[in-house]
Amino acid sequence: MPPQSRRTKTATTDGVVPGRVARSVPKTPARTPAKTPAKTAAKSTAKGPTKRDRIATELRRMISEGELPRGSRIQQDVLAAMFDTSITPVREALRLLEAEGVLVGEPHKGVRVADADYEQVKTVYLLRMLVEPYAMQRAARRLSPLDIDLAERLVTDMEQAAEEGDRARLNASNYQFHFLFYAKCGNDGLAAEIDQLWQKFPWDVLQVLHDRADETSNEHRSMLAAARLGDGDALAKATQWHLSRSFLALGKHLTGRPVADPFDVDND
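Residues numbered from 1 in each chain as written. Predicted model: local features only at pLDDT ≥ 70, side-chain atom pairs only at ≥ 80, totals over all residues. Heavy atoms only, no water.

(A) Geometry of the overall build of the chain. Of regular secondary structure, the chain possesses 11 helices and 3 strands. Starting at the N terminus and walking to the C terminus, you meet the elements of the chain as α-α-β-α-α-β-β-α-α-α-α-α-α-α. Within the chain, counting contacts between residues at least 6 apart in sequence, those at least 24 apart form 76% of the total. Surface summary for the chain: the accessible area is close to 13,000 Å², and the carbon and sulfur share equals 50%. (Helix = DSSP H or I, 4+ residues; strand = E, 2+ residues; numbered from the N terminus. Contact = heavy atoms within 4.5 Å. Areas by Shrake-Rupley, 256 points an atom, 1.4 Å probe, with all protein chains shown as cover.)

See below:
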């Protein structure tokens with residue numbers, strides 16, 4: 001279905017927290033999410049994110065990039081020293097991530113990184129399928145030639161980063177690629193909701209699926225081709241295909257068996 005593209009041989013993902021970016025594309029700090037309307041809308045105050053928010057954002061990044069493995073314990077005093085702050089904002093950040101399901105609190109054991117749960121992943125996937133293709137369809141009519149050129153550079157950078165095994169750079173370019181479109185959907189609130197869904201998806205697990213590398217590259221290039229034509233319907237369908245293929249690969253990895261696409265109303 002997707003057109004041919006450069007072949008990639010290592011890590012793959014369909015989106016993630018930003019990291020280090022190649023020189024061929026706009027630079028984004030390694031530990032700072034890309035600035036989009038989604039991020040702006042999500043800020044808790046007009047002055048910027050609080051200490052709690054900054055700690056929570058960094059913990060999400062560390063988990064998504066595998067720096068904090070699934071099941072690992074979180075030590076509050078270590079985090080307080082890392083962020084040069086008191087225990088209070090650390091506890092607030094941990095409570096926030098517990099509410100999101102990213103962390104799990106256990107009696108007499110403290111807090112640990114939650115395991116990737118198939119049912120939770122399926123729910124996030126269903127919500128993403130409802131909103132992301134629609135946002136892409138809206139974005140198709142608002143993209144400029146410069147936006148399309150940037151999107152192509154980001155796809156190329158993802159392919160190069162995958163070949164080199166540079167996970168942080170791959171994450172950054174992938175996030176920027178997708179949110180280049182979502183930021184153009186004409187609805188900042190919708191873009192912010194998509195950003196929240198992305199934060200709940202187990203990108204670290206998806207990245208170990210090396211056999212998805214070539215498919216992911218082709219899917220991104222199909223999306224790019226539809227965007228260049230200004231074809232909103234084709235862009236939405238390419239996005240649906242991209243999400244579906246990623247989820248099916250992830251579902252098989254988590255359950256140990258092939259799974260049916262739950263977005264099909266005939267599947268449970």
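(B) Focus on helix H6 (residues 145-164). In this model H6 runs 29 Å from its N-terminal to its C-terminal C-alpha over 20 residues, within 8% of the 28 Å that 1.5 Å per residue would give. Against helix H7 (167-182) and helix H10 (213-229) lie the buried residues of H6. Two residues or fewer past H6, Gly-165 is found with a positive phi of approximately 70 degrees. (Expected span 1.5 Å × (residues − 1).)

(C) A look at the environment of Met-62. Secondary-structure assignment places Met-62 in helix H2 (residues 51-64). Once the C-alpha coordinates of Met-62 and Asp-204 are considered, the two residues, 142 residues apart in sequence, prove to be 9.3 Å apart. For Met-62, the residues in contact, after removing those within four places along its chain, are Glu-67, Leu-68 and Met-82.

(D) A look at the packing of H7 against helix H8 (residues 188-199). The N-to-C vectors of H7 and H8 enclose an angle of 155 degrees; their axes lie 10 Å apart at closest approach. Considering their axes alone, H7 and H8 lie roughly antiparallel with respect to each other. Where H7 crosses over H8, the two elements pack in a sense that is right-handed. Residue-level contacts link Asn-174, Tyr-175, His-178, Phe-179 and Tyr-182 of H7 to Ala-191, Ile-194, Asp-195 and Trp-198 of H8. Within the contact of H7 with H8, the residues separate by chemical class into 6 nonpolar, 2 polar and 1 charged. (Axes fitted to C-alpha atoms, helices over the stretch in contact; angles between N-to-C directions. Parallel < 35°, antiparallel > 145°, perpendicular 65-115°, else oblique. Left-handed = near helix turned anticlockwise from the far one by under 90°. Nonpolar A, V, L, I, M, F, W, Y, C, P; charged D, E, K, R; others polar.)

(E) Quick peek at H2. Look at H2: 20 Å from first C-alpha to last across 14 residues, which is about the 20 Å you get at 1.5 Å a residue. When you tally the buried positions in H2, you get 10 out of 14 residues, the bulk of the element. When H2 is considered as a whole, its buried residues turn out to be Asp-53, Ile-55, Ala-56, Glu-58, Leu-59, Arg-60, Arg-61, Met-62, Ile-63 and Ser-64. Phi for Gly-66, located one or two positions after H2, is positive at around 80 degrees. (Buried < 20%, exposed > 50% of the residue type's maximum accessible area, 1.4 Å probe, protein only.)

(F) Local environment of the pattern of salt bridges. A complete count under the given rule lists 17 salt bridges for this structure. If you follow the salt bridges from partner to partner, you end up with Arg-73, Glu-106, Arg-112 and Asp-115 in one network. (Salt bridge = Lys/Arg side-chain N within 4 Å of Asp/Glu carboxyl O.)

(G) Representation of the environment of Asp-264. Along the chain, the position of Asp-264 falls in the segment after helix H11 (232-255). Asp-264 sits 138 residues away from Leu-126 along the chain, and the two C-alpha atoms are 9.9 Å apart.

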